[in-house]
Amino acid sequence: MSSGQELSNPSWKIAVTYQNDKMTDGVGAQLQRIYGIYALSRLLKVPYIHSPLAKVDYQGLKSLEENSGSQDFVDAFNRRFTIKSDVAVPQSYYVVNVHNITPEAMEAITAQAQSVDRPIIVRISLPYGITDAHPACYECCREISPFSHLPPNKEKLRVAVHVRRGEMMVVAANRMLPNDYYIKASLRVSRLLEEMGVPCSFEIHTEIPTKEVELKPGENGIEKSIGEPKRISPEESKIEEFAAIPNATIMANAEALDCLSLFSTADVLITSRSSFSYLGGMLNRKRSVILYNPFWHPALPGWISTANDGTFDEAAFRDRIQALMA
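The present account deals with the structure reproduced in this document.

Rules used in this analysis
Residues numbered from 1 in each chain as written. Predicted model: local features only at pLDDT ≥ 70, side-chain atom pairs only at ≥ 80, totals over all residues. Heavy atoms only, no water. Pairing = 2+ DSSP bridges. Helix = DSSP H or I, 4+ residues; strand = E, 2+ residues; numbered from the N terminus. Contact = heavy atoms within 4.5 Å. Axes fitted to C-alpha atoms, helices over the stretch in contact; angles between N-to-C directions. Polar contact = N/O pair within 3.5 Å; in protein donor to acceptor, adjacent residues only side chain to side chain. Parallel < 35°, antiparallel > 145°, perpendicular 65-115°, else oblique. Left-handed = near helix turned anticlockwise from the far one by under 90°. Nonpolar A, V, L, I, M, F, W, Y, C, P; charged D, E, K, R; others polar. Buried < 20%, exposed > 50% of the residue type's maximum accessible area, 1.4 Å probe, protein only. Core = buried A, V, L, I, M, F, W, Y, C linked by side-chain atoms within 4.5 Å.

### Digging into the sheet that holds strand 9 (residues 268-270)
Across a sheet, strands are paired by hydrogen bonds formed along the backbone, either parallel or antiparallel in direction. Spatial ordering of the open sheet is given by 8-5-4-9-10-11, a layout of six strands whose pairing is parallel. Looking at strand neighbours, the two that pair on one side only are strand 8 (248-252) and strand 11 (304-305), the edges of this open sheet. Two strands pair when backbone bridges link them, and strand 4 (residues 157-163) and strand 5 (residues 200-206) are joined in this way by seven bridges, in the parallel orientation. What sits directly across from Leu157, in strand 5, is Cys200. Packing against the sheet, helix 8 (residues 179-195) makes contact with strand 4, strand 5, strand 9 and strand 10 (289-292), and its axis sits at approximately 170° to strand 4.

Below, the structure is given as C-alpha cells:
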C-alpha cells in the first residue's frame, strides 16, 4: 500500500485497497481490479488507498517465448497507473482480506468497524461481487485515466481491434473469438462509416508467435495453467485473413503499454473477451464507440454489445458516431 502524509487521528473507519499478492496474472486483469476497487470506493463512499502491482505473471508473448519476466515491465505500469490515495495509512489499523467483495461482506465489515478502536483497511482481490451489479460506477475511472483526451480526427477515425491471442492459445482457447468474428465486425464498421461519409483506418492488435515454441507447465507466464507441454506456431494465427479488412495495419507483438494507450484513445474499439481491452474502454476519456462481445463482466453504459457473428445494433452505432463527431 502507498501512503502519503501520516494521519495521527484518522476520522475514517473503513478504506479499501487491492490485495496485490494473491492474483498476479496479467496486467489487464490486475489493472481492471485496481480501477474496479477505486470505482467501488466511490460507489460506497469510502476512502481508496492505492496498492500498486506487485507481480505480473504474463508479460506478453515475447516474454512467454523466452520464459522470462522483468520487474521493469511491472515498474513501467506502476509509474503510469498510480491512483492517488484518499487517505494515508495510519500507524495502527486492522486488515480484512476479502477475495470477492459482496454487499453482505461489506455490511459485516461496516458493523465490525463500529465496535473496534482502529480503522479497517479492506484488502480486496475482486470487486465484482458489487461492481458487476453497478457497471455505471466505472464512469469515474475515465476522470482519472492516465491517457490524454484526444479529440477524434474527423478526417480519418481510428478503429482499434483487439485480437486476443498470446498464452490463451494454450491456456483458454475456448475464450478466444475466431478471426472471422473480428473480420465481420470490422467490415460492418467499415461499411457503416463509409455510408456516413466518415473515412477510417484499422489497427489489428494481436500477438503472433515468432517461431514454433513448446510451452511447459511451470514456465513463466504459464505456471500451472497447463498440465502438459503444448506447442504454438506462427501459422496458427492465420494473420493473412485480416487482409480482408480495408485500410488495416497489423500491429503485432507491440509493447503492452503502447497497446493500452492506443485502445484508450481510439475512436472505435472492438474489444476481445479480455480484461486488457475492457480496461481500454473503461479509460477512454472521449467516450468513443466501444463494441463489446460480452464475457464475464457487463457492458458499461453506452457500450454496444456484439453477437458472435459480428453483428450489432447499427442504429446505435450511427448515433454514437454522430455524438463522437459533434
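### Some points on the side chain of His50
Looking at where His50 falls in the secondary structure, it is placed in the loop between helix 1 (27-44) and helix 2 (61-66). Among the polar contacts listed, one links the side chain of His50 to the side chain of Tyr48, at a separation of 2.7 Å.

### Some words on the packing of helix 9 (residues 256-265) against helix 10 (residues 275-282)
Their axes nearest at 7 Å, the elements helix 9 and helix 10 cross at an angle of 45°. In terms of axis orientation, helix 9 runs oblique to helix 10. As helix 9 packs across helix 10, the resulting crossing turns out to be right-handed. Each of Ala256, Cys259, Leu260, Phe263 and Ser264 in helix 9 lies in contact with helix 10, whose residues at this interface are Phe276, Ser277, Leu279 and Gly280. Partitioned by chemical class, the residues of the contact of helix 9 with helix 10 number six nonpolar, three polar and no charged.

### Focus: the pairing of strand 5
For strand 5, the buried fraction is high: six of the seven residues fall into the buried class. Strand direction decides the pairing type here: strand 5 and strand 8, joined by five bridges, are parallel. In the sheet register, Phe202 faces strand 8, and the bridge partner there is Ala248.

### Focus on the nonpolar core
Core analysis: the largest hydrophobic core is formed by 56 residues, its most contacted members being Leu31, Phe77, Phe81, Tyr138 and Leu260. The element that contributes the greatest number of residues to this core is helix 1, accounting for eight residues.

### Here's the deal with the packing of helix 8 against helix 11 (residues 314-325)
Across the interface, helix 8 lies against helix 11 with an axial gap of 11 Å and an inter-helix angle of 55°. Accordingly, the angle class assigned to the pair helix 8 and helix 11 is oblique. The handedness of the crossing between helix 8 and helix 11 is right-handed. From helix 8, Arg188, Val189, Arg191, Leu192, Leu193 and Glu195 reach across to helix 11, where they touch Glu314, Phe317, Arg318 and Ile321. Within the contact of helix 8 with helix 11, the residues separate by chemical class into five nonpolar, no polar and five charged.

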